[in-house]
There are 2 protein chains.
Amino acid sequence: MRVLKVILILLVSFGLQAQEHPNLVLTVEGVESMRSSLGSAPFFDQTVADVRQQVDAEVKSGIDVPIPKDLAGGYTHERHKANFFTMQKAGVLFQITGEEKYARYIRDMLLQYAEMYPTLDKHPATRSYARGKFFWQCLNDANWLVYTSQAYDCIYDWLDKKIVKKLNEELFRPYAEYISIENPQFFNRIHNHSTWGNAGVGMIGLVMEDEELLQWALYGLDMQVPGDYVKDNDGGAIQLEGQKEAGFLAQINHAFSPDGYYTEGPYYQRYALYPFLIFAQGLTNKKPELRILNYRNDLLIKAVYALINQTNTAGEFFPINDAQKGMSLASRELVNAVSMAYHYGGNDPQLLSLIEKQGRVPLNDSGLSAAIGITEGKSQPYEFNSLELTDGANGDEGAIGVLRSNDLTLMMKYAKHGMGHGHFDRLGFLLYDGAEEVIQDYGSARWVNIEHKDGGGYLKENTSWAKQTIAHNTLVVDKDSHFDGKVDDAEKSSGDPYFFSTSDKVGIVSARELNAYKNVEMHRTMAVLEIDELEKPLVLDLFSVQAPPGTRYDLPLYYMGELMSTNQKVKTNSDLLPMGRESGYQHLWLEGQADAAGDLFRMTWFDNMNFYTVTSVVSPDDKLLFTRIGANDPSFNLRRDPGLIHRRTSGSTLFASLYEMHGRYSYADEIPINSFSSINNVEVVDASEKYMALQFELKSGEQYQFVFSLKDDRSSSQHAIGSGDARLTWTGVYDFRKLDK
Amino acid sequence: MRVLKVILILLVSFGLQAQEHPNLVLTVEGVESMRSSLGSAPFFDQTVADVRQQVDAEVKSGIDVPIPKDLAGGYTHERHKANFFTMQKAGVLFQITGEEKYARYIRDMLLQYAEMYPTLDKHPATRSYARGKFFWQCLNDANWLVYTSQAYDCIYDWLDKKIVKKLNEELFRPYAEYISIENPQFFNRIHNHSTWGNAGVGMIGLVMEDEELLQWALYGLDMQVPGDYVKDNDGGAIQLEGQKEAGFLAQINHAFSPDGYYTEGPYYQRYALYPFLIFAQGLTNKKPELRILNYRNDLLIKAVYALINQTNTAGEFFPINDAQKGMSLASRELVNAVSMAYHYGGNDPQLLSLIEKQGRVPLNDSGLSAAIGITEGKSQPYEFNSLELTDGANGDEGAIGVLRSNDLTLMMKYAKHGMGHGHFDRLGFLLYDGAEEVIQDYGSARWVNIEHKDGGGYLKENTSWAKQTIAHNTLVVDKDSHFDGKVDDAEKSSGDPYFFSTSDKVGIVSARELNAYKNVEMHRTMAVLEIDELEKPLVLDLFSVQAPPGTRYDLPLYYMGELMSTNQKVKTNSDLLPMGRESGYQHLWLEGQADAAGDLFRMTWFDNMNFYTVTSVVSPDDKLLFTRIGANDPSFNLRRDPGLIHRRTSGSTLFASLYEMHGRYSYADEIPINSFSSINNVEVVDASEKYMALQFELKSGEQYQFVFSLKDDRSSSQHAIGSGDARLTWTGVYDFRKLDK
């Protein structure tokens, strides 16, 4: 590693001549283009006008640089945050418009920061493993530096040289040192926190042409993290096992899989992506020889596509792991990212339609390029396709599978744990009908930045509920979470992709989980089937388990909406008690239960003008439990969402269900269309360690059959099960067919 | 009455010469205009295209006239319903396009009905007080006749005369007799059911030029309703006390107040309005001398405006009384009504903007007129204003008050009970922030037409929960509903309007309820105040009660959204029990409670990107109860919505609260703005039988004072309360002012 470092240092060292500013995110030539394009790319003009309005309001209300005091959501926190956002925008406006009021605003604010900086000790709040200066954690200080370095670059040549010297020496260099060498437990990790730290230090290094800072940023610090730092506040390890490198390039190496998937999931990928891309943009401008955007087969551009592909039709990210629902392609990070992917990734016209929906562009070369593309009518609809995104730096540590068919989106997760922000949700899934959640992932128990809710940070119910297995649509064994709820154990292995396939009418995702429980092998297979007789695709869910007799299974389904009817006799309770004491059960009320009768359980619910039905094969002693989230919730932190738990005590077994999306109803015309299930019968024909075979019959009489090989994924293998008239044969992993009447 | 009847009979009797068809809703001249306008009014063309698509699909799938069997939601019910809608549209298409396939479709279907009709006994379902033929209740049969008579009119001249004779004699006349003279308990009421009956019989009478049917329709039957019919299925009385008239004109006399308010509320007004207007349109065309649209000072047009004014900014009706939420100006009834109001009510350009939102027009003179108005660019935004709508045929039986300010809409109800569909909700209110419910009315416990839910009819929880007082935002005394939950008692009196006033910055609605509880006088005053220092209007709620000592009060608040924080120490329960056995309490879980400490209770909640705060003055022994709907709900019929109950045991007292709408938060930027209350303090300065005085202080330091006279509503009266420095004097019912610092 050390030899490589020396070579790279040579590659990236600054030339003898200082380059002209701006040259970080903006360039002199780029600014010229922007100025000359004003008035000809309406989308860009509109963004300039919007940003000018925001910044003018801030300039008018005056500069405030308060002594740091509050946590997130509190005044001093939000003020310093607003300050760096505004400075960054003001810098761009100064370049585009030439109006000096914007430059003065930045200068005067920076001088106030420079006055205050030497007077500050660590932030008074002691919650963080890496306390900051302006903020309670170094992470936010790094945010400040990422944004502020851009503003500084924009006024660098305009500033009096003495002021530059003062700011460089009294504010920026010491501040960069603070979040790097003074806090290696923050800076030298493989983690999104460190990515921000690396980017902030690197970007200010580029602006000041401070070689040392840039080296730290790119390659990490050549120092050990003191041994007393073991975990961060989220329970994530400070040093990964066997970690051999640090710094920005190491982040790219480790954070993403070759497909651009980020192990913490899309919510944090969105957050982490901004420093990756904005620093990469600075490096592209100032150190083009690094070819940072081509690094690891164009990985950073791939990461943008990976994010885009982890959304519902409203552009909202799948809320897996710690994630606040509703975060979407509309976020400021993605406004930057998608335009960058357009500009540097080959001018993909499909990205322009996403940018149109974002409604704004970044004020830089990428944004101008996108705005011109839109003006020229190049925009095309983005085609969301089914795909599997591998996890792990080498792409061999699990994956997520995304199946799409018309408006249906199904995602199954069999990736790595996702470090401190991971949930115990192996083989869990979520299902969307367009933008609407049909089967939800709870997301995190957190109201990000909303001070009412414990300062806007993670709530204790995030650990006691949201991370637990019972909070997810996957199998719970013996009322205990996967890996006994232990992050360290979960981190040691990943889910195991078995089969992923999409054809014209059949999409299949199949994966195993062998480590979550001792002596239990779980293998879930989900299929999205386009059936001629049905108005929407049908989802098939086959959850096969190999386990000792007497194992108790709970398979939850967090359906969204109002229960319409079930075919079972449900007894509701007149006294609600929590369903357990731990592993998340303590947060569930048991509203009612049914002892399964007959061969099928069927339940229809209604949400947002559509009907949905689950039909499950049941065994004689199965129970259906109707739950409601919200027990042991002293601060009303949890949503009162409904759930259904399919409970079974058995040895090796197969859970088989069909999910239908059907019909519609509008409150203005009150005419229900197709409000009932179209499934007449479902039958498990075969279930063994090696095979599963299912038949189902529509109410219109058609019969379909799905067979699957659980132990042999070769496409050429011949399979046969049953005998005589019941003998079924096929080639390859699966077969799906309509049976002759 | 009898003399008047003879005169009117003379007025409306048919001339000797048969008029040319169509002449009911369409006219020969109108059809000419429509044909010649095709291609020049895009809005009309679009509707024609949409309707043609719908009808062509039905024509293609073939005619089905099944033997009646099912309740609402079931196949035969929905099929016959689809048939009449399609026939009506096909008739219009035949006239506009001249394509005979549409005429043949109607003819062939009518002949099948004519074949089936003589074979039918009453509908096999026995639930209704007035069982129909094609449907389980005469009401739906009347619907059929209202729509089908329009279709019949469109092909009347095209049909073979022998077929006309057959249809008239074997289908329409007997069917009209069935829902009139054979079911006087249905036809001769003052009720929306009868309005449909009157319209159906009258319209087919107009088409067939059957004088007798028209007389029955306009003036009712000269017969007694058999004494064994007392109540309908909703508990409404078949004959009103002292009822002296029946028929269509009597419906207009009784159903609406002079302001056009309909005592059952907007949900049923919408439903009832269609037969009122469509029959009126037929009468206007065929019996212009009746001047039906000018009857009672243009009452039917006023009724359309009254409906429009009972909506939130999304055009959804206030869900008071039995009402399914979401019913709106987009309904087919309102598509007809708003265009009619435009065409016959003076071409009000503000109505055109509502029609544009509806996205379609009725295919008749009114629709064409509106489409041309839109094409000519005449559309103007509809201005929603504060207003009071009186209830009662003479406008002296209570009212509802609507206060609007910017996006805020507040409605308080102090009207009549609303007959069988009324709720026990005197002095209740609801509050909207734009289209969003801030404080909700539960609406009805019903999924209209959705067969899963008890055939789509009213659920038993509608009576046990939705109608009860505790389900509304108004005062419950001693855990019993108003009027002890008895409709007959509630019908005997109405709420008592005290004061309604709107000025530039202050809107006030104030009303009394003296009969709901024995020995309890309730007087609620709500004000919407525009305060310079606040971003949105502030709502003041002063609920004054005069009652004996030891009275137990529960004042519920059904806030929508997620609880963010309260200033009180709330103890949540680990075992949930229903809060009572009756009067709706049996459906509430008690999630938590707080013993009021200090002088104020404050709670902030979040919904749909906005924050809301209630601040209430509390007394030492007050309790705050945190409730959740859903107990004793064996079929999961109730929504799990939260509630807050302010409980107090006392004699005469005043409940004083402020409601703030404030701030915003988006999931894509995660920056909360103004998420905390701006109210620093609230104090009741005076509360007596005669006066109320309240002061409140903003966090920014400003103090405001509101004083109100409860017993003297003259604008000239001088009032004084307190003494010395605390002396307050003012003129008129109220005074609101900012205090000098």
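Remember, it's a predicted structure, so these values are computed and weren't measured experimentally.

### Re the overall build of chain A
Summing up its helical and strand segments, chain A has 18 helices and 25 strands in all. Taking 741 residues into account, the globule formula puts the C-alpha radius of gyration at 27 Å, and chain A, at 28 Å, falls close to it. If you line up chain A on its principal axes, its C-alpha atoms span 90 × 60 × 55 Å. For chain A, with 741 residues in total, the buried portion stands at 64%. Counted over contacts in chain A with a minimum sequence separation of 6, partners at least 24 positions apart contribute 68%. Put simply, chain A shows about 26100 Å² of open surface, and 48% of that area lies on carbon and sulfur atoms.

### Regarding the interface of chain A and chain B
Contact residues are listed per partner, giving 53 residues for chain A and 53 residues for chain B. Looking at the side of chain A facing chain B, the largest losses of area belong to His452, Phe636 and Glu670 of chain A, adding up to 17% of the total buried there. At the boundary of chain A and chain B, one finds two salt bridges. Between Arg640 of chain A and Glu591 of chain B there is a salt bridge whose closest N-O contact spans 3.2 Å. Those elements that place two or more of their residues in the side of chain A that touches chain B are α4 (75-97), α12 (266-286), β12 (562-566), β14 (588-595), β15 (600-607) and β17 (623-629) of chain A. Residue contributions to the side of chain A that touches chain B peak at four residues, all from β12 of chain A. Residue composition of the side of chain A that touches chain B, by class: 26 nonpolar, 12 polar and 15 charged.

### Examining the domain arrangement of chain A
All names here are of chain A. Along its sequence, chain A is organised into domain 1 (2-375) and domain 2 (387-739). Each of domain 1 and domain 2 has a C-alpha centre, and the two are 39 Å apart. Taken residue by residue, the interface counts 42 residues in domain 1 and 48 residues in domain 2. Of the roughly 3500 Å² buried at the junction of domain 1 and domain 2 (both faces included), carbon and sulfur atoms supply 49%. When residues of domain 1 are sorted by the area they lose upon contact with domain 2, Asn321, Asp322 and Lys325 head the list and together hold 17% of the total. Taken together, domain 1 and domain 2 are joined by two salt bridges. Across the pair Lys231 and Asp488 runs a salt bridge, and its minimum N-O distance is 2.9 Å. At the junction of domain 1 and domain 2, the tally comes to 22 residue pairs in polar contact (both at pLDDT 80 or more). For the side of domain 1 that touches domain 2, the elements supplying multiple residues, two or more each, are α4, α11 (248-255), α12 and α13 (295-308).

### A look at the side chain of His523 of chain A
All names here are of chain A. Residue placement: His523 occurs in strand β9 (residues 521-529). Of note is the side chain of His523, whose polar atom sits 2.8 Å from the side chain of Ser510. Setting aside its immediate chain neighbours within four residues, His523 contacts Leu427, Tyr498, Ser510, Ala511, Arg512, Leu542, Phe543, Ser544, Phe708 and Leu710.

### A short note on the packing of helix α9 (residues 192-208) of chain B against helix α12 (residues 266-286) of chain B
Residues and elements named next belong to chain B. Interhelical geometry of α9 versus α12 gives an angle of 25° and a closest axis separation of 9 Å. Taken together, the axes of α9 and α12 lie roughly parallel to each other. Crossing of α9 over α12 shows left-handed handedness. Of the residues in α12, those touching α9 at Asn192, Thr195, Trp196, Asn198, Ala199, Gly202, Met203, Leu206 and Val207 are Tyr268, Tyr271, Ala272, Tyr274, Pro275, Phe276, Ile278, Phe279, Gly282, Leu283 and Lys286. Taken together, the residues of the contact of α9 with α12 sort by class into 14 nonpolar, five polar and one charged.

### A closer look at the packing of aromatic side chains
Aromatic ring pairs are defined here through the distance separating the ring centres and the angle between the ring planes. All told, the structure shown has 98 aromatic pairs over all chains when counted by the stated rule. Seen from their ring centres, Phe134 of chain A and Tyr175 of chain A are 4.6 Å apart, and the 40° between their planes marks the pair as tilted. Taken together, the positions of Phe134 of chain A in the loop between α5 (100-116) and α6 (138-155) and Tyr175 of chain A in helix α7 (residues 161-179) put the pair 41 residues apart, joining distant regions of the chain. Each member of the pair Phe134 of chain A and Tyr175 of chain A is classed as buried. Geometrically, the ring pair formed by Phe696 of chain B and Tyr704 of chain B is stacked, given 5.6 Å between the ring centres and 20° between the ring planes. Owing to a relative accessible area of 1%, Phe696 of chain B belongs among the buried residues under this scheme. Grouped by ring-pair contacts, the aromatic residues Phe84, Phe85, Phe135, Tyr147, Trp196, Tyr267, Tyr268, Tyr271 and Tyr274 of chain A constitute a single cluster. One residue, Arg648 of chain B, lies across the ring of Phe655 of chain B, its end atom 4.3 Å from the ring centre.

### Observations regarding the nonpolar core
Within the largest apolar cluster, 135 residues are counted, with the highest numbers of intra-cluster contacts made by Phe44, Phe134, Trp144, Tyr152, Leu171, Phe172 and Phe279 of chain A. Element by element, the count of residues in this core is highest for α12 of chain A, at 12 residues.

### Considering the sheet that holds strand β4 (residues 428-433) of chain B
Residues and elements named next belong to chain B. In space, the five strands of this open sheet follow the order β1-β2-β3-β4-β5, with antiparallel pairing throughout. Looking at strand neighbours, the two that pair on one side only are β1 (387-390) and β5 (436-439), the edges of this open sheet. Taken over all neighbouring pairs, the strand axes of this sheet differ in orientation by 20° on average, direction set aside. Where strand β2 (residues 399-405) meets strand β3 (residues 408-414), seven bridges bridge the pair, whose relative direction is antiparallel. Within β3, the residue paired with Ile400 across the bridge is Lys413.

### Quick look at the relation of the copies chain A and chain B
Laying chain A over chain B is done by rotating through 180° and shifting 0.0 Å along the axis; what remains is an RMSD of 0.0 Å. Interpreted geometrically, this transformation is the action of a two-fold axis. No C-alpha of chain A lies nearer the rotation axis than that of Leu576 of chain A, which sits 2.4 Å from it. Most of the interface of chain A is mirrored in chain B: 100% of its interface residues are interface residues there too.

### Some thoughts on the packing of helix α3 (residues 42-61) of chain A against α5 of chain A
Geometry of a packed helix pair, given as the angle between the helix axes and the separation of the axes. Residues and elements named next belong to chain A. The N-to-C vectors of α3 and α5 enclose an angle of 55°; their axes lie 11 Å apart at closest approach. Regarding the angle of α3 to α5, the classification is oblique. Seen from above, α3 lies across α5 with left-handed handedness. Residue-level inspection shows Arg52, Val55, Asp56, Glu58 and Val59 of α3 in contact with α5, the latter providing Lys101, Tyr102 and Tyr105. A class-by-class count of the residues in the contact of α3 with α5 yields four nonpolar, no polar and four charged.

### Describing the pairing of strand β11 (residues 551-557) of chain B
Residue and element names in this part refer to chain B. Burial analysis of β11 places six of its seven residues in the buried class, which makes it a mostly covered element. Relative to β11, strand β6 (residues 476-477) runs antiparallel, the two being bridged by two bridges. By the bridge assignment for β11, Val476 is matched with Asp554. Where β11 lies against strand β18 (residues 642-650), seven bridges are found, and the strand directions are antiparallel. Within β18, the residue paired with Tyr553 across the bridge is Arg648.

### What about unusual backbone geometry?
With omega at -5°, the peptide bond leading from His21 of chain A into Pro22 of chain A counts as cis. When you line up the elements, Pro22 of chain A lands in the loop between α1 (2-12) and α2 (28-37). Although it is not a glycine, Asn608 of chain A adopts a positive phi angle of roughly 50°. Mapping Asn608 of chain A onto the fold places it in the loop between β15 and β16 (610-617). Asn608 of chain A gets classed as partly exposed once you look at its relative accessible area, which sits at 40%. Residues other than glycine seldom take positive phi values, yet Asn297 of chain B does so here, at roughly 55°.

### Digging into the environment of Ser677 of chain A
For Ser677 of chain A, the position within the fold is in the loop between β19 (653-662) and β20 (679-687). On the basis of relative accessibility, which here comes to 5%, the residue Ser677 of chain A falls in the buried class.

### As for the pattern of salt bridges
Here the structure, examined in full by the defined rule, presents 80 salt bridges over all chains. The residue Lys492 of chain A makes a salt bridge to Asp489 of chain A at a minimum N-O spacing of 3.3 Å. Across the pair Glu169 of chain B and Lys165 of chain B runs a salt bridge whose closest N-O atoms are separated by 3.1 Å. One end of the pair, Glu169 of chain B, and the other, Lys165 of chain B, are both in helix α7 (residues 161-179), four residues apart, so they sit about a helical turn from each other.

Conventions we followed
- Residues numbered from 1 in each chain as written.
- Chains lettered and ligands numbered in written order.
- Predicted model: local features only at pLDDT ≥ 70, side-chain atom pairs only at ≥ 80, totals over all residues.
- Heavy atoms only, no water.
- Helix = DSSP H or I, 4+ residues; strand = E, 2+ residues; numbered from the N terminus.
- Rg over C-alpha atoms; globule rule 2.2 N^0.38 Å.
- Buried < 20%, exposed > 50% of the residue type's maximum accessible area, 1.4 Å probe, protein only.
- Contact = heavy atoms within 4.5 Å.
- Areas by Shrake-Rupley, 256 points an atom, 1.4 Å probe, with all protein chains shown as cover.
- Buried area = accessible area lost by both parts, 1.4 Å probe.
- Salt bridge = Lys/Arg side-chain N within 4 Å of Asp/Glu carboxyl O.
- Nonpolar A, V, L, I, M, F, W, Y, C, P; charged D, E, K, R; others polar.
- Domains from an automatic or database assignment.
- Polar contact = N/O pair within 3.5 Å; in protein donor to acceptor, adjacent residues only side chain to side chain.
- Axes fitted to C-alpha atoms, helices over the stretch in contact; angles between N-to-C directions.
- Parallel < 35°, antiparallel > 145°, perpendicular 65-115°, else oblique.
- Left-handed = near helix turned anticlockwise from the far one by under 90°.
- Phe/Tyr/Trp six-rings, centres within 6.5 Å; stacked < 30°, edge-to-face > 60°.
- Lys NZ or Arg CZ within 6 Å of the ring centre and 35° of its normal.
- Core = buried A, V, L, I, M, F, W, Y, C linked by side-chain atoms within 4.5 Å.
- Pairing = 2+ DSSP bridges.
- Least-squares fit on C-alpha atoms with pLDDT ≥ 70 in both.

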